[in-house]
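Coordinate analysis (summary)
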Amino acid sequence: MVQMIACNLAVLAIAGIYYAWRDRHAKQFQKRAVLRDRVAYMLWVTAQRA
């Protein structure tokens, strides 16, 4: 019984660490995507003026 509880706690801890890592990684990817969109828009506006 104790071994089953310990195993479940270990799985829960690993899942928590993974989801925290994935959330951080997704936020960084989203920031990069926004930056790419802004740069693309800036280049498009500059090209339209030329």
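Further up the page is the structure itself.
Notes on the structure in this doc start here. (Residues numbered from 1 in each chain as written. Predicted model: local features only at pLDDT ≥ 70, side-chain atom pairs only at ≥ 80, totals over all residues. Heavy atoms only, no water.)

1. Some words on the overall build of the chain
A count of helical and extended segments in the chain gives one helix and zero strands. Against the compact-globule benchmark of 10 Å for 50 residues, the chain has a radius of gyration of 22 Å, which places it well outside the compact range. The C-alpha extent of the chain, read off along each of the three principal axes, is 75 × 10 × 5 Å. In the chain, buried positions account for 0% of the 50 residues. (Helix = DSSP H or I, 4+ residues; strand = E, 2+ residues; numbered from the N terminus. Rg over C-alpha atoms; globule rule 2.2 N^0.38 Å. Buried < 20%, exposed > 50% of the residue type's maximum accessible area, 1.4 Å probe, protein only.)

2. What to know about the packing of aromatic side chains
In this structure the tally under the stated criterion is three aromatic pairs. The rings of Tyr18, Tyr19 and Trp21 are connected pair by pair, giving a single aromatic cluster. (Phe/Tyr/Trp six-rings, centres within 6.5 Å; stacked < 30°, edge-to-face > 60°.)

3. Comments concerning the environment of valine 45
Structurally, valine 45 can be placed in helix α1 (residues 2-49). For the pair valine 45 and alanine 15, spaced 30 residues apart in the sequence, the C-alpha separation amounts to 45 Å.

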